[in-house]
Amino acid sequence: MIHSLTVHPETYVDSIMQLSGTRALRAVEGVDWASAAMATPTNVKTLQDEGFPADDLSGAGANDLVLAVRAESQDAVDAALEAGDQALFAARGTPSETAKVPAATLDEALRRQPGSSVAVVSVPGDYAALEAHKALSAGLHVLLFSDNVPVEDEIALKDRAVGLGLLVMGPGAGTAMLGGTCLGFANVVAPGRVAVVAAAGTGAQEAAALLDRWGVGISQVVGLGGRDLGARVGGRMALAAVRGLAADEGTDAILLVSKPPDVDVARAVLAAAGDTPLVAALIGVPEDFEAPPGVTVTRTLEAGAVAMARIAGAPAPDVTAGLVDAVRAEADRLPARRTLVRGLFSGGTLCYESLVVLADVLGDVHSNTPLRAGLGLPAPQGAHTCLDLGEEEYTKGRPHPMIDPQARLELLREVGDDPDVAAIVLDVVLGYGAHDDPAAELAPECARIVAGGGPAVVVYVLGTEQDPQGLERQRAEFTDAGCLVTATAARASLAAAALARREPELAGTAL
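No experiment lies behind these values; they were computed from the predicted model shown.

(A) Quick peek at the state of the cysteines. Counting across every chain of the model gives zero disulfides. Looking at cysteine 351, it has no disulfide partner, and the nearest cysteine sulfur is the one in cysteine 386, 5.2 Å off. With relative accessibility at 0%, the residue cysteine 351 sits in the buried group. A disulfide-free cysteine, cysteine 483 has its sulfur positioned 3.9 Å from the sulfur of cysteine 446, the nearest such atom. On the accessibility criterion, cysteine 483 (8% relative accessible area) is buried.

(B) Up close: the sheet that holds strand S2 (residues 31-38). The sheet built from three strands is open, its strands ordered S1-S3-S2 with antiparallel pairing. The sheet terminates laterally at strand S1 (2-8) and S2, the two strands that pair on one side only. On average, each strand axis in the sheet is inclined to that of its neighbour by 10°, with strand direction left out of account. As judged from the seven bridges shared by S1 and strand S3 (residues 65-71), these two strands associate in the antiparallel manner. Residue pairing in the sheet places histidine 8 in a bridge with leucine 65 of S3. On top of the sheet, helix H1 (residues 15-26) reaches S2 and S3; it is set at about 160° to S2, its chief contact. On top of the sheet, helix H2 (residues 41-49) reaches S2 and S3; it is set at about 165° to S2, its chief contact.

(C) Main features of the packing of aromatic side chains. With the rule as written, the count across this model stands at two aromatic pairs. Judged by centre distance (5.8 Å) and plane angle (50°), the ring pair of tryptophan 33 and phenylalanine 52 falls under tilted. With a gap of 19 residues between them, tryptophan 33 in strand S2 and phenylalanine 52 in the loop between H2 and S3 connect regions that are remote in the sequence. Each member of the pair, tryptophan 33 together with phenylalanine 52, is buried. Taking the ring centre of phenylalanine 289 as reference, the NZ or CZ of arginine 267 above it sits at 5.6 Å.

The rules we used
- Residues numbered from 1 in each chain as written.
- Predicted model: local features only at pLDDT ≥ 70, side-chain atom pairs only at ≥ 80, totals over all residues.
- Heavy atoms only, no water.
- Disulfide = S-S within 2.5 Å.
- Buried < 20%, exposed > 50% of the residue type's maximum accessible area, 1.4 Å probe, protein only.
- Pairing = 2+ DSSP bridges.
- Helix = DSSP H or I, 4+ residues; strand = E, 2+ residues; numbered from the N terminus.
- Axes fitted to C-alpha atoms, helices over the stretch in contact; angles between N-to-C directions.
- Contact = heavy atoms within 4.5 Å.
- Phe/Tyr/Trp six-rings, centres within 6.5 Å; stacked < 30°, edge-to-face > 60°.
- Lys NZ or Arg CZ within 6 Å of the ring centre and 35° of its normal.

Right, dumping it as structure tokens:
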């Protein structure tokens, strides 16, 4: 193998562009491993662990961009570096094309676009709070995409934002839609009068996409960051968002999405809606949770979206059409020894929801993001498992699985050959920021598994017909591959549980 890297001094690109560059590098035939990353100490160590000489990285710092390629031949290396350069720098043009050169500072960006109202901050966590404070000082709302921001910094940022009448969405907020503009990972939805407020990225996408499919338009999608509804942050941004949307003339109802929040924080946030109808999809919340009067609380995203569609006056969606019969047909072909469920998820919220749905039917499910202590990995033999492949242990040195399906393909091949597995659950997320044709990558392997007498493959495609990838085209490719394609993410997990139990009727039960 040939190891080659190129250092671009004082060339900063944000994490979204780094992911794009990494994907372009790895797409070249003959490339074994590649990365486009800033030369932070963590990334330098990753490169050294992958076999790149420390001497080649001497003097490189956090403001230097590194393109690293490990490949079978020099031709593959050269082709990959060219593809990476194209993905990262093509939009910059020549030095004389100053209009195409990205702004080096926030002040310069505001001089070019004086009407801007939102800043997307996507820098290493050590620097993220400072950049977010600069944006607030400039009067901008902030989408804080960065992770690894200390909770104390999050609290300070959100307190300051509230005082300024601004939003700080995040840290770790990957999804928002404000004024019809998609930010981060987001889906194209029709405009309307229902707002989504979410402490969950793919949870926000699922809620908005389901409502769009069922004829309910969206006014705004506000991301909060996963810690906002916890006891320490205290719902600071959730309270501001709900109060603001309750007073918004363009919003008639609010759908709040979260994993189980701090109980006291949740009650305060739900009460902040006042007379505005509010549905809270609190995934896995205890059934004895007491909500304020007039608030509807559900335990799954599907149930929350159905309840909101009802409030919005849309026809009741049928999320189970043909599903029981399809599960029965799959169950009939599975040999008796196949009894286990394996979930391979790109969306963290969808993985968590799957754990809740599966646990209600199958009992304990192990995960790298377990519902409770004692259900982590490694799982004991014969256990059900769900993996969130967007977690750090799977993305270190490689793109997120929404962008690059390679890591999931490797696991899909492994799980597909396991003679004890009854069903594999896959989520496929469409929209801006996601892979431009995930079915082209994943469906062939799904077809191989099913045609070879392997486990059933249950697929949920999260997206809308207006997304660049096209919802129905993606769904059709998985159907043609022999997959069981469901109407919601929760329904995919319920179908998998029904297959494991050989009880097809379970797939049609209410959530």
